[in-house]
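# Descriptive structure summary
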Amino acid sequence: MHRTHTCGELRISDLGKSVTLSGWVQKSRDLGGMTFIDVRDRYGITQLTFNADDNEQLRASARELGREYVIKVEGQVIERSSKNSKIPTGDIEIKVSSLEILNASKLPPFTIEDETDGGDDLRMKFRYLDLRRNPVRQNLILRHKLAQEIRRYLDEQNFLEVETPVLIKSTPEGARDFVVPSRMNAGEFYALPQSPQTFKQLLMVSGFDRYFQIVKCFRDEDLRADRQPEFTQIDCEMSFVEQEDILNMFEGLAKHLFKTVKGFELGSVPRMTYADAMRLYGSDKPDTRFGMQFVELNKLTKGKGFPVFDQAELVVGINANGCAGYTRKQLDALTDYVKRPQVGATGLVYARYNEDGTIKSSVDKFYTEEQLKEWAAAFDGKPGDLFLIMAGPTDKVRKQLNELRLEVGNQLGLRDKNKFAPLWVLDFPLLEWDEESGRYHAMHHPFTSPKPEDIPLLDTNPGEVRANAYDFVLNGSEIGGGSIRIHDKELQSLMFKHLGFSPEDAQKQFGFLMEAFTYGAPPHGGLAFGFDRMVSVFAGLDTIRDVIAFPKNNSGRDVMIDAPATIDKAQLDELNLALNLKSSEKN
């Protein structure tokens, strides 16, 4: 028997017990004639004691142990003389009578501690060591608990978990597909699913009226903190429902997860239209943990001789409450921030509402103090406030001001990771114009239903058509999104037409779905939560990498196993792939 107890299990009530523990050496300390070893497993840490007076040979063996050695010890639980209140086992220690080295270890390339000295690249290369650290392990335990509670909630709501195929057909809409060559069908390729969208709709046609799946999806996209080439989503679909049914169902799931996993009562989730989200926050995923809503100033700023405002389509600003004391250096830093290529603004105008009631701005020569006080009234400003104003094309300047708002929120400590502000964003545009391709693309996907009252606009003003689509936003992150689907063949054909599909292309890509709709498709809709993002928000992290056991780096590489990698010529020949082998061999 390698262990009778785990390293996080024993308490003062276990005094006198003879026990066997196995685990990794966390650290060792020599004090006079005593050696102390901390042994660790995934459950915790227990202190071992080796006394020279009892067994000098055993103590000598203990002193030879290095960090991360795997050991097995037998001994008796005794009360610890110098107790450690920071760990659950801190009242006891094990007086060791037997020690066995199960496996030696090289010195790890970084310390296996909560605060490690290993950088991201090094920890990714030795991820199996990084996973021994408490913070990373706790993130994966949190992920497990969330998955268990998701399954429990959905099972209680009569959802069935159904697996859908991983080798499917490539489609031109959405992100780039990862493609897989078929050996048995020369020159043809599978694609890895970006989502199980069409399959879950087919399950609705099949009569499985409540489906879910915690499923791997794949997108060949550029990466960032909240994006990986392979990711996990909670994929759900329901039949005989309208939008309100879906919002209530999955708001219920969110409340259940917060209550059972975080011990937090979420309360009702507010709702906001896409148009209002863009107008008030410049984002379709606004962080509503703090205010600082946008204030439009066109009427108060135009026609006064300041060219930047006079020529702008929109002049808009935010009120940074209590920040009138910002120094010139701080204001210059904010200006530099919005001028970064990632934001792309040309400048920033500010006005201080001083404690003595005067208002001073960076454009004083164009505006009188009375006019500046009209600005203050528009901002609902008070002495001590700072107004930050930007101008430009409407869509562009809103996005730029959103970045500034979030940066100021960070500086003021308003984006508290222990505070949760959920939001439903509704009524997204159905279509968005793409300048590069010169046509409309589906903002959500081609199967999203338009608002019934907006269908006539498809022929006259497609950009104004609203979708029966909704996103679940949490702390400024899009956690999930979905829509009511099209379930009528004629309307789906019309949608494909406005997306630029010829009838032949639509039939080639989605003929199987169109055919299914002719056999009695029920009204249906659904939603998918980004599971990795959800876990990262619950864990208070800015990146999803540390909630994934074996993530990729920002180049899409697994540096631990060195993937992707070249394959040999025999495999390429088998797959009928004509590649430049010399180039591959050089790489």
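About the criteria used
- Residues numbered from 1 in each chain as written.
- Predicted model: local features only at pLDDT ≥ 70, side-chain atom pairs only at ≥ 80, totals over all residues.
- Heavy atoms only, no water.
- Salt bridge = Lys/Arg side-chain N within 4 Å of Asp/Glu carboxyl O.
- Helix = DSSP H or I, 4+ residues; strand = E, 2+ residues; numbered from the N terminus.
- Buried < 20%, exposed > 50% of the residue type's maximum accessible area, 1.4 Å probe, protein only.
- Arc of directions from axis to C-beta.
- Contact = heavy atoms within 4.5 Å.
- Polar contact = N/O pair within 3.5 Å; in protein donor to acceptor, adjacent residues only side chain to side chain.
- UniProt positions renumbered as here; feature names shortened; annotations may be inferred.
- Domains from an automatic or database assignment.
- Pairing = 2+ DSSP bridges.
- Axes fitted to C-alpha atoms, helices over the stretch in contact; angles between N-to-C directions.
- Phe/Tyr/Trp six-rings, centres within 6.5 Å; stacked < 30°, edge-to-face > 60°.
- Core = buried A, V, L, I, M, F, W, Y, C linked by side-chain atoms within 4.5 Å.
- Parallel < 35°, antiparallel > 145°, perpendicular 65-115°, else oblique.
- Left-handed = near helix turned anticlockwise from the far one by under 90°.
- Nonpolar A, V, L, I, M, F, W, Y, C, P; charged D, E, K, R; others polar.

### Describing the pattern of salt bridges
Under the criterion given, the structure shown has 41 salt bridges. Between R151 and E161 there is a salt bridge, with the nearest N and O atoms lying 2.9 Å from each other. Separated by 10 residues along the polypeptide, R151 in helix α4 (residues 134–156) and E161 in strand β6 (residues 160–161) bring together distant segments of the chain. Overall, E161 belongs to the partly exposed group, its relative accessible area being 40%. Measuring nitrogen to oxygen at the nearest pair gives 2.9 Å for the salt bridge that ties D235 to K200. Remark: K200 occurs in helix α5 (residues 197–205) and D235 occurs in strand β10 (residues 230–239); sequence separation between them is 35 residues. As far as burial versus exposure is concerned, D235 and K200 are alike and both buried.

### Some thoughts on helix α14 (residues 489–498)
For an α-helix, 3.6 residues make a turn, and residues three or four places apart therefore share a direction. Three or more residues of α14 are buried, namely L491, Q492, M495, F496 and H498. End-on view of α14: buried residues confined to an arc of 165 degrees, all on one side of the axis. When the buried face of α14 is taken as reference, the exposed residues oriented beyond 90 degrees from it are E490 and K497. Along its buried surface, α14 packs onto β18 (431–434), β19 (439–442), α13 (457–460) and α15 (503–517). Capping of α14 at its N-terminal end is provided by D488; its side-chain oxygen lies 3.1 Å from the backbone amide nitrogen of E490. Among the residues trailing α14, G500 stands out with phi positive, at a value near 90 degrees.

### Quick notes on the UniProt feature "binding site: L-aspartate" (unreviewed entry) in the protein
With numbering matched to this structure, UniProt assigns "binding site: L-aspartate" (unreviewed entry) to E173, R219, H444 and R485. Residue classification places R219 among the partly exposed positions, given a relative accessible area of 27%. Side-chain polar atoms of R219 contact the backbone oxygen of Q194, separated by 3.5 Å. Relative to the helices and strands, H444 resides in the loop between β19 and α13. H444 sits in the partly exposed class, given a relative accessible area of 33%. Once residues lying within four places of it in the same chain are set aside, the contact partners of H444 are G481, G482, S483 and R485.

### Digging into the domain arrangement of the protein
Split into domains, the protein comes out as domain 1 (10–101), domain 2 (114–239 + 529–572) and domain 3 (289–410). Here the C-alpha centroids of domain 1 and domain 2 sit 40 Å apart.

### Brief notes about the sheet that holds strand β2 (residues 34–41)
One closed barrel holds the 5 strands; their spatial order is β1-β2-β3-β5-β4, and the pairing between them is mixed. Strand-to-strand twist of the sheet, defined as the mean angle between neighbouring strand axes without regard to direction, takes the value 55 degrees. Note that strand β1 (residues 18–31) and β2 share 7 bridges and pair antiparallel. In the sheet register, L31 faces β2, and the bridge partner there is M34. Contacts between helix α1 (residues 56–63) and the sheet are confined to β1, β2, β3 (44–51) and β5 (92–103), with β5 contributing the most and set at about 65 degrees to the helix.

### Some remarks on the pairing of β3
For β3, a buried count of 6 out of 8 residues is recorded, marking the element as mostly surrounded by other parts of the structure. Where β2 lies against β3, 8 bridges are found, and the strand directions are antiparallel. Bridge pairing links I37 to L48 in β3. In this structure, the hairpin formed by β2 and β3 is closed by a connection of 2 residues. In terms of strand pairing, β3 meets β5 through 2 bridges, oriented parallel. Following the sheet pairing, L48 is matched in β5 by I94.

### A look at the UniProt feature "binding site: ATP" (unreviewed entry) in the protein
As annotated by UniProt and renumbered to match this structure, "binding site: ATP" (unreviewed entry) occupies R219, D220, E221, Q228, E478, G530, F531, D532 and R533. Inspection of the secondary structure puts R219 in the loop between β9 (210–218) and β10. Each residue touching R219, except ones within four places of it in the same chain, is listed here: A175, R176, F178, Q194, P229 and F231. Along the chain, Q228 falls in the loop between β9 and β10. Assessed through its relative accessible area of 5%, Q228 is described here as buried.

### Let's talk about the packing of aromatic side chains
Throughout the structure, instances matching the rule amount to 25 aromatic pairs. Geometrically, the ring pair formed by W424 and F472 is edge-to-face, given 5.1 Å between the ring centres and 75 degrees between the ring planes. With W424 in strand β17 (residues 422–426) and F472 in strand β20 (residues 469–474), the pair connects residues that are 48 residues apart, well separated along the chain. In this structure F472 comes out as buried when scored by relative accessible area, which is 2%. Between F472 and F529, the ring centres sit 5.7 Å apart and the planes meet at 85 degrees, which makes this aromatic pair edge-to-face. With F472 in strand β20 and F529 in strand β22 (residues 524–530), this residue pair connects regions lying 57 residues apart in the sequence.

### Considering the pairing of β19
Inspection of the sheet shows β18 paired to β19 by 4 bridges, in the antiparallel sense. Residue pairing across strands places E432 opposite H441, the latter belonging to β19. The antiparallel pairing of β18 with β19 creates a hairpin that spans 4 residues between the two strands, and G438 there sits at a positive phi of about 70 degrees.

### Observations regarding the nonpolar core
Judged by nonpolar contacts, the single largest core of 41 residues is most densely connected at I150, L154, F250, W424 and F529. Apart from the residues within four sequence positions on either side, F250 is in contact with L154, F159, C236, M238, W424, L527 and F529. The next biggest cluster of nonpolar side chains, apart from the first, holds 30 residues, and it includes M272, A469, A506 and F517.

### Side note on the packing of α4 against helix α6 (residues 243–262)
One way to put it is that α4 packs onto α6 with a least axis distance of 10 Å and a crossing angle of 135 degrees. In terms of orientation, α4 lies oblique with respect to α6. Remark: the crossing between α4 and α6 carries right-handed chirality. Here L142, K145, L146, E149, I150, R152, Y153 and L154 of α4 lie close against α6, whose contacting residues are M249, F250, G252, L253, H256, L257, T260 and V261. Its residues assigned to classes, the contact of α4 with α6 shows 10 nonpolar, 3 polar and 3 charged.

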